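If you want the building blocks of each chain, they are given just below.
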2 protein chains.
Amino acid sequence: MRIDSYRSNCERCIHLGLCRGTAADEQIAGHRLRVRRHDSLYRAGEHPGNRIYCIRSGSFKLVMARPGDTEQVIGFAMAPDFLGLNTLGAASHGASAVALEDSEVCVIDWDRQSFRGRRQPMQREGLHALLAGEIRRAQQAAMLLHHTHSRQRMAELMLSLSNAYRSNGYSALRFRLPMSRCDIASYIGVSAECVSRLLDQFRRLGMLQLQRRDLTLLDPDALQRMAAGMES
Amino acid sequence: MRIDSYRSNCERCIHLGLCRGTAADEQIAGHRLRVRRHDSLYRAGEHPGNRIYCIRSGSFKLVMARPGDTEQVIGFAMAPDFLGLNTLGAASHGASAVALEDSEVCVIDWDRQSFRGRRQPMQREGLHALLAGEIRRAQQAAMLLHHTHSRQRMAELMLSLSNAYRSNGYSALRFRLPMSRCDIASYIGVSAECVSRLLDQFRRLGMLQLQRRDLTLLDPDALQRMAAGMES
DNA sequence: CGCCCTATTGAATATAATCAACCGCCGTGG
DNA sequence: CCACGGCGGTTGATTATATTCAATAGGGCG
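Being a predicted model, the structure only gives us computed values, none of them experimental.

Conventions we followed
Residues numbered from 1 in each chain as written. Chains lettered and ligands numbered in written order. Predicted model: local features only at pLDDT ≥ 70, side-chain atom pairs only at ≥ 80, totals over all residues. Heavy atoms only, no water. Salt bridge = Lys/Arg side-chain N within 4 Å of Asp/Glu carboxyl O. Helix = DSSP H or I, 4+ residues; strand = E, 2+ residues; numbered from the N terminus. Buried < 20%, exposed > 50% of the residue type's maximum accessible area, 1.4 Å probe, protein only. Expected span 1.5 Å × (residues − 1). pLDDT = per-residue confidence, 0-100. Contact = heavy atoms within 4.5 Å. Near = heavy atom within 4 Å. Polar contact = N/O pair within 3.5 Å; in protein donor to acceptor, adjacent residues only side chain to side chain. Nonpolar A, V, L, I, M, F, W, Y, C, P; charged D, E, K, R; others polar. Buried area = accessible area lost by both parts, 1.4 Å probe. Pairing = 2+ DSSP bridges. Axes fitted to C-alpha atoms, helices over the stretch in contact; angles between N-to-C directions.

A.B. asks: Any chance you could explain the pattern of salt bridges here in plain terms?
C.D. replies: Opposite charge on two side chains permits pairing when their charged atoms draw close. Residues and elements named next belong to chain A. What the rule picks out here adds up to 14 salt bridges over all chains. Between D39 and R36 there is a salt bridge whose closest N-O contact spans 3.9 Å. Its salt-bridge partner being R203, residue D200 comes within 2.6 Å of it at the nearest N-O pair. Highlighted residues: D200 and R203, both in helix α7 (residues 192–204), separated by three residues, approximately one helical turn. For D200, a relative accessible area of 30% puts it in the partly exposed group.

Here it is in structure tokens:
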């Protein structure tokens with residue numbers, strides 16, 4: 001039963017071509033891992049151990065430590081994103097991956113032998129595209145931060161989350177924020193109080209509805225204009 | 001003469017193992033390209049054409065267009081950084097690469113046949129490390145922006161440039177800023193005027209000296225503390 | 001020399017951080 | 001069951017910070 005559901009899930013996995021060989025005995029994706037809310041999948045500084053992860057359910061925040069024991073949220077990830085791609089060839093994880101809710105990941109063992117020897121060209125190409133895509137993702141995420149006004153960054157974050165949910169098959173207009181206000185604050189570079197005020201401001205402007213972490217975007221176009229700085 | 005200096009430069013190139021085969025006839029790096037100040041090496045939206053670039057001299061800014069004809073500087077690059085790594089497997093460039101000064105790049109033709117067929121494992125490994133490193137670089141760059149105060153972001157930028165120069169064999173304390181104040185402003189998400197004021201503030205605090213674009217860091221530790229928010 | 005472009009400076013206004021108080025939900029333990 | 005405490009979140013008042021608009025300075029280049 002466990003096995004069946006596992007296989008069936010994998011067969012529907014959009015990364016099938018990348019993580020499994022053509023024959024059953026070449027299967028590389030080893031096993032699943034449950035990570036409970038607030039637990040770390042890996043921590044900054046740890047050796048990556050030749051593994052990457054694919055989120056099957058739940059969501060994570062990526063946290064970097066700063067000199068002076070402060071922490072920065074540098075990104076969010078949800079199923080079916082990958083985690084750990086940036087550690088290929090690195091001696092240690094640069095950031096920690098902390099589960100925002102009870103989550104499950106696929107562990108893909110990145111053993112060099114199996115990679116070099118058995119993989120098909122298609123898989124290699126897939127990997128390159130994956131890595132390149134991750135660079136673009138990081139750059140895209142960075143763009144969010146290059147705004148002078150915090151309301152622009154906040155609007156952009158809302159839209160970016162909306163896009164993420166849409167492209168993963170969920171509603172783009174109604175979703176639950178898996179992260180705390182503090183996480184958002186750290187991510188967009190404002191104080192936690194400011195997050196509250198901004199969200200309240202957006203609500204008063206009729207752009208969204210929000211109770212606790214349940215978000216409804218009422219006027220994505222207005223958010224778009226807000227992000228672009230064409231609306232105060 | 002031209003050929004000689006070209007070969008000699010390549011033999012000193014730190015990316016030798018990646019961009020050339022073991023035998024001379026397997027050489028993949030094709031040719032150099034000169035890009036004049038303010039010209040684009042490539043533009044956002046263009047097809048990448050299976051090429052990546054290695055900066056041999058000069059420097060570039062990476063610029064992304066935003067809805068609403070504004071532009072954002074999302075990064076800087078200098079020799080011997082790579083450009084275009086994020087376009088592997090992508091249909092188009094996500095950002096433009098604009099030369100900040102007269103520059104020269106190596107064009108590495110990313111032909112799939114030659115890549116898949118002729119490359120050595122070492123080269124593939126090198127590529128993965130390169131791509132993963134680029135992800136980390138993008139994330140590192142993003143960290144700079146997650147500060148609440150602009151003085152922290154500015155201090156961090158100064159340090160990050162300093163590190164870049166150091167790791168490329170130049171002085172970490174005296175260098176010339178290749179980018180305009182506007183570029184800096186766009187990059188750290190403040191107004192151009194604010195850049196002036198911040199630099200002046202740093203100067204008055206004795207952290208650096210600056211005339212036009214020639215920068216001398218007088219107190220990197222203070223800058224570090226400033227970036228960490230432990231100094232006003 | 002004179003122009004243009006980049007950079008700087010000033011004054012007024014807008015924006016966000018900080019400090020402090022408070023609310024409400026949730027889980028814990030009596 | 002309820003009381004309690006802690007955490008996450010909100011709100012208010014004040015101060016600090018950054019934008020905006022406007023004017024000015026100064027270098028590089030024809």
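A.B. asks: I would appreciate a short explanation of helix α5 (residues 150–167) of chain B in the present structure.
C.D. replies: Given 3.6 residues to a turn, an α-helix orients residues that are three or four positions apart in the same direction. All names here are of chain B. Over its 18 residues, α5 runs 25 Å from end to end, which matches the ideal 26 Å to within 8%, given 1.5 Å per residue. Listed in full, the buried residues belonging to α5 are S150, Q152, R153, M154, A155, E156, L157, M158, L159, L161, S162 and Y165. Positive backbone phi, at 90°, marks G169, one or two positions downstream of α5.

A.B. asks: How do you make sense of the confidence of the model for chain A when you look at a structure like this?
C.D. replies: Fine structural detail should not be taken from predicted coordinates in areas where pLDDT scores are low. Residue and element names in this part refer to chain A. Taken over all residues, the pLDDT of chain A has a mean of 79, while the share at 70 or more is 78%. With pLDDT under 50 throughout, residues 19–29 is counted as low confidence; its partners more than four residues away or in other chains account for 21 contacts. Counting contacts from residues 112–122, a segment whose pLDDT is below 50, to residues more than four positions away or on other chains yields 21 contacts.

A.B. asks: Help me understand the protein's contact with DNA strand D, please; the structure alone is not making it clear to me.
C.D. replies: Around DNA strand D there are 18 residues in total, and R181(A), S196(A), S150(B), C194(B) and R197(B) lie nearest to it. Here the atoms of DNA strand D within 4 Å of the protein split so that 70% fall in sugar or phosphate, with bases taking the remainder. One nitrogen or oxygen atom from the side chain of R197(A) is found 3.0 Å from a base nitrogen belonging to DNA strand D. Between S150(B) and DNA strand D, the recorded distance is 2.4 Å, taken from a side-chain N or O atom to a phosphate oxygen. Elements with a contribution of two residues or more to the surface near DNA strand D: α7 of chain A together with α5 and α7 (192–204) of chain B. Residue classes in the surface near DNA strand D are distributed as two nonpolar, seven polar and nine charged.

A.B. asks: Even after reading the chapter, I still don't get the interface of chain B and chain A, so can you show me in this structure?
C.D. replies: As a measure of interface size, the accessible area lost when the parts come together is often cited. Taken together, the 43 residues of chain B in the interface contact 43 residues of chain A. Of all residues in chain B, I135(B), M143(B) and H146(B) give up the largest surface area on contact with chain A, accounting jointly for 17% of the area buried on that side. Applying the counting rule to chain B against chain A returns two salt bridges. Between E156(B) and R66(A) there is a salt bridge, with its nearest N and O atoms 3.2 Å apart. Between the two partners, chain B and chain A, sit 13 residue pairs in polar contact (both at pLDDT 80 or more). With 16 residues, helix α4 (residues 121–143) of chain B is the largest single contributor of residues to the side of chain B that touches chain A.

A.B. asks: I tried to follow the protein's contact with DNA strand C on my own but got confused; where do I start?
C.D. replies: Lining the immediate environment of DNA strand C, one finds 20 residues, of which S150(A), C194(A), R197(A), R181(B) and S196(B) sit closest. Taken together, the sugar and phosphate atoms account for 67% of what DNA strand C places within 4 Å of the protein. Between DNA strand C and E193(A), the relevant distance is 3.0 Å, taken from a base nitrogen to a side-chain nitrogen or oxygen of the residue. Of all the secondary structure elements, the ones that give two or more residues to the surface near DNA strand C are α5 (150–167) and α7 of chain A together with α6 (181–188) and α7 of chain B. For the surface near DNA strand C, the leading source of residues is α7(B), giving four residues. Its residues assigned to classes, the surface near DNA strand C shows three nonpolar, eight polar and nine charged.

A.B. asks: Honestly, the sheet that holds strand β4 (residues 59–65) of chain B in this entry has me stumped. Any pointers?
C.D. replies: Note: strands within a sheet are paired through backbone hydrogen bonds, in either parallel or antiparallel orientation. Residue and element names in this part refer to chain B. The four strands are arranged β2-β7-β4-β5 in an open sheet whose pairing can be described as antiparallel. The outermost strands of the open sheet, each flanked by one partner alone, are β2 (40–42) and β5 (71–78). The mean angle between the axes of side-by-side strands here comes to 30°, regardless of whether they run parallel or antiparallel. Two strands pair when backbone bridges link them, and β4 and β5 are joined in this way by seven bridges, in the antiparallel orientation. Looking at β5, one finds that M64 is bridged to Q72. Against the sheet, α6 touches β4 and β5, its axis set at about 105° to β5.

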